[in-house]
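Structure at a glance
Spelled out, the chains give:
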Amino acid sequence: MSRGVAVVTGASGGVGRATVHALAGAGWDVGLLARGGAGLEAAAAEVRAHGGKALAVPTDVASFEEVDRAAERITEELGPIDVWINDAMTTIFAPVVDIRPDELRRATEVTYLGQAHGAMAALARMRPRDQGTIISVGSALAYRGIPLQSAYCGSKFAVRGFMESLRTELLAEGSGVRVVQVHLPAVNTTQFGWCRARTPTHPMPVPPIYQPEVAARAIVAAIDAAPRQKVLGTWNWLLVRMSQVMPGIGDHYLARTGRSSQLTDISIEADRPDDLFAPVDDEVDHGSHGIFDDQAGGVMDPKFLRAVPGSVAGFVRSTRDRLREVRARRG
């Protein structure tokens, strides 16, 4: 039986890197797209160690021409693409007033347009065969904007809208190409150490925190299950639902807790290298994990209840009091 061919963008680190490893273990040949040379080659070596074929193609997903050339090369050298997984991202952690227009543009080009470019390149090769699966790696932040992450949230909101439009178009034409969105919770990845940050201390994922392998397993499982969307993690699911039915309460709660829950007490160098305009894993492989291994466990970890910023009762009570204060000031 021939092996299938999957493509992963953002394959050199974080969730993308963990997904490459999971695909290799499941018997896939993998085309790997990212900018960082060392990370790409290390990820490709993992595929080959599992007996699969790997093709690492240095690619900036912000450029459709680069993505399309990579897709063509993968098709020629590995075979027809069965699955395309869009995971590449970059961002800047900062209040909106501290973000430069060129920084916002770049984060959007990679995180939003990168997924659109991947989908378009995949469609050009899947529609003639009337088969294939496009998986968009999303986030609860595609439903709920939070402080310090406007660039990322805006991009993920846009990705969700793009993929929903694409799905309806494919359904209308009776296409066999499927579109799946997997919305992730907070994950212990390299992004918090190498994305640009204009914050007083080192940024962190909002607890509860999951390991990249948990996300990777869900992404690979979605290939066969092909749900319309999968929201991974209990707290993540609750956050999505809350944003739909109580968005105002979420606004006030995040105004009070959103910044502190994303910042550590670790000092951050003002000139630390970041990947917004150039890769930081070109010469050194950083793998898939960030620095929060000791806090990663998700809802299955007993520390979960202590990690969530306040109990549900406390959340409702504090938000109610805050709304009363706002109303009182307004008269």
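Here the residue index of a chain counts from 1 through its sequence in written order. The predicted origin of the model limits local features to residues at a pLDDT of at least 70 and limits the giving and counting of side-chain atom pairs to 80 or more, whereas totals for whole chains, interfaces and linings rest on all residues. To get the side-chain values, all heavy atoms of the structure are used, and hydrogens and water are removed first.

**Remarks on the packing of aromatic side chains**
Between rings of Phe, Tyr and Trp, where Trp is taken as its six-membered ring, a pair exists when centres lie within 6.5 Å; planes separated by under 30 degrees are stacked, by over 60 edge-to-face, and by other angles tilted. Overall, the coordinates contain three aromatic pairs when judged by the stated rule. Between Y112 and F162, the ring centres sit 6.4 Å apart and the planes meet at 75 degrees, which makes this aromatic pair edge-to-face. Within this pair, whereas Y112 is found in helix α4 (residues 101-126), its partner F162 is found in helix α5 (residues 150-172), the two being separated by 50 residues in sequence. Only protein chains enter the accessibility calculation, which uses a 1.4 Å probe; a residue is then buried when its area is under 20% of its type maximum, exposed when over 50%, and partly exposed in between. Given a relative accessible area of 22%, Y112 falls into the partly exposed group. Judged by its relative accessible area of 24%, F162 is partly exposed. Ring geometry for F192 versus F292: centroids 6.5 Å apart, planes at 85 degrees, classification edge-to-face. With F192 in helix α6 (residues 191-194) and F292 in the loop between β13 (263-267) and α10 (304-307), this pair connects stretches of sequence that are 100 residues apart. Here the two residues F192 and F292 agree in accessibility, since each one is buried. The helix count covers DSSP runs of H or I at least four residues long, the strand count covers runs of E at least two residues long, and both are numbered beginning at the N terminus.

**Some words on the nonpolar core**
Nonpolar cores were defined as sets of buried Ala, Val, Leu, Ile, Met, Phe, Trp, Tyr and Cys residues, with membership established by side-chain atoms within 4.5 Å. Counting residues in each nonpolar core, the largest one holds 32 residues, and the members touching the most others are L23, L32 and I135. It is helix α7 (residues 212-225) that provides the largest number of residues to this core, a total of six residues. Should any heavy atoms of two residues lie within 4.5 Å, those residues are considered in contact. Dropping the residues within four chain positions of it, L32 is found in contact with V8, A11, V20, L40, A43, A44, A54, L55, A56 and V57. Core analysis: the next-biggest nonpolar cluster, separate from the first, contains 28 residues, V67, A71, L78 and A119 among them.

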